[in-house]
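Fold and contact review
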Amino acid sequence: MTTSPRSVRIERESAGRYVAHNGHGATLRFGDGDDEFSPVELLLAAIGGCTAIDTDVATSRRTEPDEFALTVSGDKVSDPESGNRMEDLTVTFTVRFPEGEQGDAARAILPRTVALSHDKLCTVSRTVELGTPVRMVVE
């Protein structure tokens, strides 16, 4: 087992609006406005994005897809006793490859690649499924 530390820094821009910075210099704005991603939507995007990358890398070695899209959905539960959470998370792939030998090869590995991402490779969905504790620290 190896570990590789990761982190982001989140800064408040204004009431309900934030920007996340990573170590590579990229930024991502989010918040509670109608024109921004919410933190829950970012969680869904992270789950889908992680498995999209795994799947796209493997299948596009055979051929470029004609269509490659994912929908990640779930139910937000507000429970006064056990707290807020997401349930019934589902990642739905819509992937189409061109006709021919290379398209057939990409179609053939798609289910196995999606399963491998889910079962081993996708750090985000694996972390959610394993239920890793989150520690909060106030400096």
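Attention in this report is confined to the structure presented alongside it. (Residues numbered from 1 in each chain as written. Predicted model: local features only at pLDDT ≥ 70, side-chain atom pairs only at ≥ 80, totals over all residues. Heavy atoms only, no water.)

**Some points on helix H2 (residues 101–121)**
At Leu-110, H2 is deflected by roughly 40°, the largest bend along its length, and proline Pro-111 occurs up to four residues later in sequence. Residues of H2 that are buried make contact with helix H1 (39–59) and strand E5 (85–96). (Bend = angle between axes of the 7 residues up to and from the residue. Helix = DSSP H or I, 4+ residues; strand = E, 2+ residues; numbered from the N terminus. Contact = heavy atoms within 4.5 Å.)

**A word on a nonpolar patch on the surface**
A surface patch of nonpolar side chains, about 200 Å² in accessible area, is lined by Leu-43, Leu-89 and Val-128. Structurally, the position occupied by Leu-43 is in helix H1. Overall, Leu-43 belongs to the partly exposed group, its relative accessible area being 31%. (Patch = residues over 30% accessible without salt bridge, like charges linked within 9 Å, V, L, I, M, F, W, Y side chains within 5 Å. Areas by Shrake-Rupley, 256 points an atom, 1.4 Å probe, with all protein chains shown as cover. Salt bridge = Lys/Arg side-chain N within 4 Å of Asp/Glu carboxyl O. Buried < 20%, exposed > 50% of the residue type's maximum accessible area, 1.4 Å probe, protein only.)

**Describing unusual backbone geometry**
The phi torsion at Asp-88 lies on the positive side, around 55°, for a residue other than glycine. Counting through the fold element by element, Asp-88 comes out in strand E5. Here Asp-88 falls in the exposed class, since its relative accessible area comes to 56%.

**What about the pattern of salt bridges?**
Evaluation of the coordinates by the stated rule reveals 9 salt bridges. For the salt bridge of Arg-29 with Glu-13, the shortest nitrogen-to-oxygen distance reads 2.9 Å. One end of the pair, Arg-29, is in strand E3 (residues 27–31); the other, Glu-13, is in strand E1 (residues 9–14), and 16 residues separate them in sequence. Taking relative accessible area as the criterion, Glu-13 reaches 40% and is therefore assigned partly exposed. Measuring nitrogen to oxygen at the nearest pair gives 2.9 Å for the salt bridge that ties Glu-36 to Arg-17. Residue Glu-36 is found in the loop between E3 and H1, and its partner Arg-17 is found in strand E2 (residues 17–21); the two are separated by 19 residues along the sequence. Taking the relative accessible area as the measure of exposure, Glu-36 reaches 16% and is therefore buried. Given a relative accessible area of 31%, Arg-17 falls into the partly exposed group. Salt bridges here are not isolated pairs; linked through shared partners, they connect Arg-17, Asp-35 and Glu-36.

**A closer look at the packing of H1 against helix H3 (residues 123–130)**
Packed helix pairs are characterised by how far apart their axes lie and by the angle those axes make with each other. Packing of H1 against H3 leaves a shortest axis separation of 7 Å and a crossing angle of 125°. Classified by the angle their axes make, H1 and H3 are oblique. Touching Leu-43, Ala-46, Ile-47 and Cys-50 of H1 are Thr-123, Val-124, Ser-125 and Val-128, all from H3. Residue classes in the contact of H1 with H3 are distributed as 6 nonpolar, 2 polar and no charged. (Axes fitted to C-alpha atoms, helices over the stretch in contact; angles between N-to-C directions. Parallel < 35°, antiparallel > 145°, perpendicular 65-115°, else oblique. Nonpolar A, V, L, I, M, F, W, Y, C, P; charged D, E, K, R; others polar.)

**A few points about the sheet that holds E3**
The strand order across the open sheet formed by 3 strands is E1-E2-E3, and the pairing between neighbours is antiparallel. Edge positions in the sheet fall to E1 and E3, since each has one partner strand and no second. For this sheet the average axis-to-axis angle between neighbouring strands, irrespective of direction, equals 30°. For E2 and E3, the ladder comprises 5 bridges, and the chain directions are antiparallel. The residue of E3 that forms the bridge with His-21 is Thr-27. (Pairing = 2+ DSSP bridges.)

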